[in-house]
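Here is how the chains run, residue by residue.
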Amino acid sequence: RFTAALIGRGGPGRWHVLNDPGVPAGRVLAQTSDDATDERYPICICESASPSDVDLSVNIKPISGRVDRAGGLIAFTAQAGGKFDIYTVKPDGSDQKLVVSGDGDAVDPSFSPDGGRIVFSSDRTAFGGEGSRNLFVLDRASGALRYLTFGRWNDDAPRWSADGRITFTSDRRGVFDVYWVDSTG
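Everything numeric in this text was worked out from a predicted model, so none of it was measured.

All right, on to the sheet that holds strand S12 (residues 145-147) then. Read from one edge to the other, the open sheet built from four strands follows the order S9-S10-S11-S12, with strand pairing classed as antiparallel. The sheet terminates laterally at strand S9 (106-111) and S12, the two strands that pair on one side only. In this sheet, adjacent strand axes meet at a mean angle of 30° when their direction is disregarded. Across three bridges, strand S11 (residues 134-139) lies against S12 in antiparallel orientation. In the sheet register, Val137 faces S12, and the bridge partner there is Arg146.

Listed below in structure tokens is the structure:
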């Protein structure tokens, strides 16, 4: 018997028993939700089983992600070691790679239309200690990172458009608004 609970903000998740031939029991308990609320941690408590009845593994907590339509990869943000990094993975879960790590959190990845670059928001900026986040671009071939925006504000939720421009939200004028920037900055 299981009891579901929620720690943090947001609505409750939905719990399902799913078939999974990749695990010894052939079934897994999975939580699903479309709620994108930050700090949302659903839990499921097993009330009538011994520890030998349950095999638990948690490696990362996916936060957000986007699909690279050009190369078929998924870029996602996950919390590992107390900070948020960006990974890529194939849709079948194989070939997971850490692509952005280091100082500060890196969140909200979005692939360029050709799949060669990833834009993301991060507090690794010079103003990160003040709570600011700017946009950065990762060149996937070289691994080079560069600033796309720079300032004492919060630039979030970057998304590439088909024409190569990047839309994002920013509070640079005191309230969050939608902006766009050319991918060269």
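Right, picking up where we left off after that structure.
Burial analysis of S9 places five of its six residues in the buried class, which makes it a mostly covered element. Examined bridge by bridge, S9 and strand S10 (residues 117-122) share four bridges and lie antiparallel to one another. The residue of S10 that forms the bridge with Phe111 is Ile118.

Opposite charge on two side chains permits them to pair, given that their charged atoms come into close proximity. Taken as a whole and assessed by the stated rule, the structure comprises seven salt bridges. When the shortest N-O distance is used, the salt bridge between Lys83 and Asp85 registers 2.5 Å. According to the relative accessible area criterion, Asp85 is buried, its value standing at 4%. Here Lys97 and Asp95 are joined by a salt bridge, their closest N and O atoms 3.8 Å apart. Judged by its relative accessible area of 43%, Lys97 falls in the partly exposed class. In this structure Asp95 comes out as partly exposed when scored by relative accessible area, which is 38%.

For the coordinates displayed, the defined rule picks out six aromatic pairs. On the numbers, 5.0 Å between centres and 55° between planes, the contact of Phe127 with Phe150 is tilted. With Phe127 in the loop between S10 and S11 and Phe150 in the loop between S12 and strand S13 (155-160), the pair connects residues that are 23 residues apart, well separated along the chain. Taking the relative accessible area as the measure of exposure, Phe150 reaches 44% and is therefore partly exposed. Aromatic side chains Phe168 and Tyr179 sit 5.9 Å apart centroid to centroid with 20° between the ring planes, which places their arrangement in the stacked category. Taken as a pair, Phe168 in strand S14 (residues 165-170) and Tyr179 in strand S15 (residues 177-182) lie far apart in primary sequence, eleven residues in all. The exposure classification of Phe168 matches that of Tyr179, with both residues buried. Aromatic rings pair up to connect Phe120, Phe127, Phe136, Tyr147 and Phe150 into one cluster. In this structure, Arg165 packs its charged tip against the face of Trp180, placed 4.1 Å from the ring centre. Positioned over the ring face of Tyr179 is Arg172, at 5.3 Å from the centre of the ring.

What counts and how
Residues numbered from 1 in each chain as written. Predicted model: local features only at pLDDT ≥ 70, side-chain atom pairs only at ≥ 80, totals over all residues. Heavy atoms only, no water. Pairing = 2+ DSSP bridges. Helix = DSSP H or I, 4+ residues; strand = E, 2+ residues; numbered from the N terminus. Axes fitted to C-alpha atoms, helices over the stretch in contact; angles between N-to-C directions. Buried < 20%, exposed > 50% of the residue type's maximum accessible area, 1.4 Å probe, protein only. Salt bridge = Lys/Arg side-chain N within 4 Å of Asp/Glu carboxyl O. Phe/Tyr/Trp six-rings, centres within 6.5 Å; stacked < 30°, edge-to-face > 60°. Lys NZ or Arg CZ within 6 Å of the ring centre and 35° of its normal.

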